[in-house]
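Here is what each chain is made of, one letter per residue.
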Amino acid sequence: MTDRTLTHSVFTAAMNAPIEKIDIGDWLLHLPCAEYERCAPPDHIAAGASTTDDGTPMSINVEMIGDSVIVQKYVGEHISPTYCRIVSESDVFTPHGRTTIKVIWELSATRVDDQSSEYKNVVTSAPTDHFLDFVEKGGLTFEQAAADRQAATSEHCSRETPLYATSIEKHALSR
């Protein structure tokens, strides 16, 4: 695995719920598939929860980003009410074939005041060795591939972040 960053996107959105009621970890691991789909139509295809063999929580997501279908098998490195860091070696199905990338998704909430909080959605990806070979065989440079992925990822995250915030807010207020 290389240290190179393929994509990095950071977006925030307001939530009209106090930080004490927010539980991103519970929301993430119990997110109904239909609610996931509502958080980035038409890109979000399916979501579910599972565990690794040793019982570590996982979030499974299938989505379309740009012209690629991505199957993400996020393993929970840190799951808490106000901060989650999950990591996936994701399968990417492009018009030119299949490859893999490493994706780190960080979800967090911070207190704004007694009645509101802010959601932060950070998505960072890095190339796997397979991705670097795939790009080279396709006649692209890493920089070209990274620019294409960054544009698609930023566009996608800019749309899903406020919808995730609304969903997390709804989850918080229903508890």
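Here's a quick rundown of the structure. What you see is a predicted model, and the numbers here were worked out from it, not measured in a lab. (Residues numbered from 1 in each chain as written. Predicted model: local features only at pLDDT ≥ 70, side-chain atom pairs only at ≥ 80, totals over all residues. Heavy atoms only, no water.)

**Some words on the packing of aromatic side chains**
Per the stated rule, a full pass over the model turns up four aromatic pairs. On the numbers, 5.4 Å between centres and 50° between planes, the contact of Tyr74 with Trp105 is tilted. Of this pair, Tyr74 sits in strand β4 (residues 68–79) while Trp105 sits in strand β6 (residues 97–113); the two residues are 31 residues apart in sequence, bridging distant segments of the chain. Taking relative accessible area as the criterion, Tyr74 reaches 2% and is therefore assigned buried. You can call Trp105 buried: its relative accessible area is 3%. On the basis of an interplanar angle of 35° and a centroid distance of 5.5 Å, the ring pair of Trp105 and Tyr164 is categorised as tilted. Linking Trp105 in strand β6 with Tyr164 in helix α4 (residues 142–173), this pair joins segments that are 59 residues apart in sequence. Put simply, the rings of Trp27, Tyr74, Trp105, Tyr119 and Tyr164 pair up and form one aromatic cluster. The positively charged end of Arg4 is found above the aromatic ring belonging to Phe142, 4.4 Å away from the centroid. (Phe/Tyr/Trp six-rings, centres within 6.5 Å; stacked < 30°, edge-to-face > 60°. Helix = DSSP H or I, 4+ residues; strand = E, 2+ residues; numbered from the N terminus. Buried < 20%, exposed > 50% of the residue type's maximum accessible area, 1.4 Å probe, protein only. Lys NZ or Arg CZ within 6 Å of the ring centre and 35° of its normal.)

**Some words on unusual backbone geometry**
It is generally the case that most residues other than glycine have a negative phi and that most peptide bonds are trans. The omega angle of the peptide bond from Pro41 to Pro42 is -5°, so this bond is cis rather than trans. With respect to the helices and strands, Pro42 occurs in the loop between α2 (33–38) and β2 (44–51).

**Topic: the sheet that holds strand β1 (residues 7–15)**
Pairing between the strands of a sheet is mediated by backbone hydrogen bonds and can be parallel or antiparallel. Taken together, seven strands build an open sheet; the order of strands is β1-β7-β6-β5-β4-β3-β2 and the sheet is antiparallel. On the outer flanks of this sheet lie β1 and β2, each paired with one strand and no other. Going across the sheet, the axis of each strand differs from the next one's by a mean of 20°, ignoring polarity. Strand direction decides the pairing type here: β4 and strand β5 (residues 83–94), joined by seven bridges, are antiparallel. When the bridges of β5 are listed, Val75 appears paired with Val87. Contacts from helix α3 (residues 129–137) reach β5, β6 and β7 (116–127) within the one sheet, and its direction differs from that of β6 by about 125°. (Pairing = 2+ DSSP bridges. Axes fitted to C-alpha atoms, helices over the stretch in contact; angles between N-to-C directions. Contact = heavy atoms within 4.5 Å.)

**A word on the nonpolar core**
By size, the foremost hydrophobic cluster in this structure holds 37 residues, and its most contacted members are Ile22, Ile24, Trp27, Trp105, Leu107 and Tyr119. Going through the elements one at a time, β1, α1 (24–29), β4, β5, β6, β7, α3 and α4 are the ones with two or more residues in this core. It is α4 that contributes the most residues to this core, nine residues altogether. Those residues in contact with Trp27 that sit more than four places away from it in its chain are Leu107, Tyr164, Ser167, Ile168 and His171. (Core = buried A, V, L, I, M, F, W, Y, C linked by side-chain atoms within 4.5 Å.)

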